[in-house]
Amino acid sequence: MSRWDTVLFDLDGTLTDPKEGITKSAAFALRHFGIDADPDSLTAFIGPPLNDSFSRYFGLDPEQCVEAVRQYRVRFSDVGWAENIPYPGIRELLDTLRAQGMTLLVATSKPEVFARRILEHFGLADCFADICGITMSERETMTKADVIRLVMARNGVDPASCVMVGDRLHDVEGGHEAGLPVVGVLYGYGSREELEAAGADFIAADTDELEKLLIDL
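Residues numbered from 1 in each chain as written. Predicted model: local features only at pLDDT ≥ 70, side-chain atom pairs only at ≥ 80, totals over all residues. Heavy atoms only, no water.

Draft legend 1. Molecular detail of the packing of aromatic side chains. Inspection of every chain in the model, using the stated rule, returns eight aromatic pairs. With a centroid separation of 6.2 Å and an interplanar angle of 75 degrees, the aromatic rings of Phe9 and Phe128 are classed as edge-to-face. Remark: Phe128 occurs in the loop between α5 (112-121) and β5 (130-134) and Phe9 occurs in strand β1 (residues 6-9); sequence separation between them is 119 residues. Judged by relative accessible area, Phe9 falls into the buried class, the value being 0%. The interplanar angle of 40 degrees and the centroid separation of 6.3 Å between the aromatic rings of Phe45 and Phe58 together place this pair among those described as tilted. (Phe/Tyr/Trp six-rings, centres within 6.5 Å; stacked < 30°, edge-to-face > 60°. Helix = DSSP H or I, 4+ residues; strand = E, 2+ residues; numbered from the N terminus. Buried < 20%, exposed > 50% of the residue type's maximum accessible area, 1.4 Å probe, protein only.)

Quick look at the structure:
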């Protein structure tokens, strides 16, 4: 019997592999500023808020970041959202957890409209009691902790019976800020070093290990 009744999942790098859609959409946005970037060099954009990545990695100022996010979403809303694929074993994992009586929720820094579209497209939306993300405002300032708190509040979740699952340091930091233990997964885009440095409470190499952690602990 698990110690947790509710599991919050990150989306990108945890439920689905979004590399093609995110990196190509980021490269599209950067071209608006005359920056030619190889999409394969932009995997750091997977997970963190877009504003943070455009500022951190390319030095865009706040107004430029707003426009970069707008440009990104032009391409992402057209084709980028579908350039995505569920990780092997994810559907089976979700079905097993639900069979154990767990409530599953999504907490993502991706706009909620895109998160719902992606999960519906891949037939995974029905696994979740709620799918929570940020709004479509280019000036969105919600942190990962804000999203986690919001989805818990919307669903009356007791933090004492809840765990967060994600692949990047932002998931670990956001989960801890919201008062949750966090399982970091290694099949996404964060390394063991990144997750350990962020203070992940548990680390799972693959969906089999993740299942054992969530059910047996």
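Draft legend 2. Geometry of the layout of surface pockets. Space inside the largest pocket adds up to approximately 490 Å³. What lines the largest pocket is a set of 32 residues, among which Gly47, Pro48, Pro49, Leu50 and Ser109 lie closest to the centre. Those elements that place two or more of their residues in the lining of the largest pocket are α2 (50-58), α3 (62-78), β4 (103-111), α6 (144-154) and α7 (169-177). The class makeup of the residues in the lining of the largest pocket is 13 nonpolar, nine polar and 10 charged. (1 Å grid on protein atoms, 1.4 Å probe; cavity = no way out; pocket = protein on both sides within 12 Å on 5 of 7 lines; lining within 4 Å. Points joined across faces, edges and corners; volume = space filled by probe spheres on them. Nonpolar A, V, L, I, M, F, W, Y, C, P; charged D, E, K, R; others polar.)

Draft legend 3. Summary view of the pattern of salt bridges. Considering all chains together, one arrives at 17 salt bridges under this definition. With a closest N to O distance of 3.2 Å, Arg91 and Asp95 form a salt bridge. Of this pair, Arg91 and Asp95 are both found in helix α4 (residues 90-99), four residues apart, which corresponds to roughly one turn of the helix. Classification of Arg91 by relative accessible area gives partly exposed; the value is 29%. Residues Glu196 and Arg192 are paired through a salt bridge, measuring 3.8 Å at the closest nitrogen-oxygen approach. Here Arg192 and Glu196 lie together in helix α8 (residues 192-198), a separation of four residues that amounts to about one turn. Members of the salt-bridge network, linked through shared partners, are Glu112, Arg116, Asp130 and Arg154. (Salt bridge = Lys/Arg side-chain N within 4 Å of Asp/Glu carboxyl O.)

Draft legend 4. Structural context of the nonpolar core. Membership of the largest hydrophobic core comes to 30 residues, with the highest contact counts inside it found for Phe9, Leu15, Leu94, Leu119, Phe128, Leu210 and Leu214. Every element with two or more residues in this core is listed here: β1, α4, β4, α5, β6 (162-166), β7 (182-185) and α9 (207-216). (Core = buried A, V, L, I, M, F, W, Y, C linked by side-chain atoms within 4.5 Å.)

Draft legend 5. The packing of α6 against α7, seen in detail. Packing of α6 against α7 leaves a shortest axis separation of 8 Å and a crossing angle of 55 degrees. Classified by the interaxial angle, the pair formed by α6 and α7 is oblique. Where α6 crosses over α7, the handedness of that crossing is right-handed. On the side of α6, the interface is formed by Lys144, Ala145, Ile148 and Arg149, while α7 contributes His170, Asp171, Gly174, Gly175 and Glu177. (Axes fitted to C-alpha atoms, helices over the stretch in contact; angles between N-to-C directions. Parallel < 35°, antiparallel > 145°, perpendicular 65-115°, else oblique. Left-handed = near helix turned anticlockwise from the far one by under 90°. Contact = heavy atoms within 4.5 Å.)

Draft legend 6. Main features of the side chain of Ser109. Relative to the helices and strands, Ser109 resides in strand β4. By relative accessible area, Ser109 is classed as buried at 15%. Leave out the neighbours within four places in its chain, and Ser109 touches Gly47, Ile134 and Lys144.

Draft legend 7. A look at the pairing of β5. Within β5, five of the five residues are buried, which leaves the element mostly enclosed by the surrounding structure. Here four bridges tie β4 to β5, and the two strands are oriented parallel to one another. Bridge pairing in β5 links Val106 to Ile131. Following the backbone out of β4, through α5 and into the adjacent parallel β5, one traces a crossover that is right-handed. (Pairing = 2+ DSSP bridges. Right-handed = clockwise from strand over helix to strand, strands pointing away.)

Draft legend 8. Local environment of the environment of Arg70. Checked against the element boundaries, Arg70 lands in helix α3. Residue Arg70 is classed as partly exposed on the basis of its relative accessible area, which comes to 37%. Sequence separation between Arg70 and Ser137 is 67 residues, and the spatial gap between their C-alpha atoms is 8.9 Å.

Draft legend 9. A look at α3. Over its 17 residues, α3 extends 25 Å from the first C-alpha to the last, a length consistent with the 24 Å expected when each residue adds 1.5 Å. Among the residues of α3, Cys65, Val66, Ala68, Val69, Gln71, Tyr72, Arg73, Arg75 and Phe76 are the ones counted as buried. Of the surrounding elements, those touching the buried residues of α3 are α1 (19-31), α2, β4, α5 and β5. The N-cap residue of α3 is Asp61: its side-chain oxygen and the backbone nitrogen of Glu63 are 3.1 Å apart. (Expected span 1.5 Å × (residues − 1). Polar contact = N/O pair within 3.5 Å; in protein donor to acceptor, adjacent residues only side chain to side chain.)

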